[in-house]
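# Observations on the three-dimensional arrangement
Below, each chain spelled out in residue letters.
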Amino acid sequence: MPNRPKKPKLKRYTVALSELDMRRLTAYADSSGLDRPAALQRLLKQSLRESASVANTKVDKKQLGLFDTLQIDIFNNTHKI
């Protein structure tokens, strides 16, 4: 038998929602034509993508300028390269 690539194991989590949030999730699922678990998964993935893009743009203040090169022109002005 040929070796099949292994699927990554899925991790299960339990989420506790308030009554208001459950109604919102149900309304979103109904408007999207999904069931509640699929709607929750879609919302979670979308939020994680957005937060990952924000996290990648942030730079630690301690690291700013660590590898920047300063260029000084003849008028003694400095520019980062």
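Before reading on, note that the structure itself is shown above.
In this report, the structure presented in the accompanying data block is examined. In this text the structure is predicted, and so the values were computed from the model without any measurement.

What follows concerns the overall build of the protein chain. In terms of helices and strands, the protein chain carries two helices and two strands. Along its sequence from the N terminus, the protein chain presents helices and strands in the succession α-α-β-β. For the protein chain, the accessible area works out to roughly 8500 Å², and carbon and sulfur atoms hold 56% of it.

All right, on to the pattern of salt bridges then. Within the structure shown, the criterion is met by one salt bridge. A salt bridge links Asp21 to Arg24; the nearest nitrogen and oxygen atoms lie 3.5 Å apart. Of this pair, Asp21 and Arg24 both sit in helix H1 (residues 19-32), separated by three residues, roughly a single helical turn.

The rules behind these values
- Residues numbered from 1 in each chain as written.
- Predicted model: local features only at pLDDT ≥ 70, side-chain atom pairs only at ≥ 80, totals over all residues.
- Heavy atoms only, no water.
- Helix = DSSP H or I, 4+ residues; strand = E, 2+ residues; numbered from the N terminus.
- Areas by Shrake-Rupley, 256 points an atom, 1.4 Å probe, with all protein chains shown as cover.
- Salt bridge = Lys/Arg side-chain N within 4 Å of Asp/Glu carboxyl O.

This is a description of form; function is not addressed.
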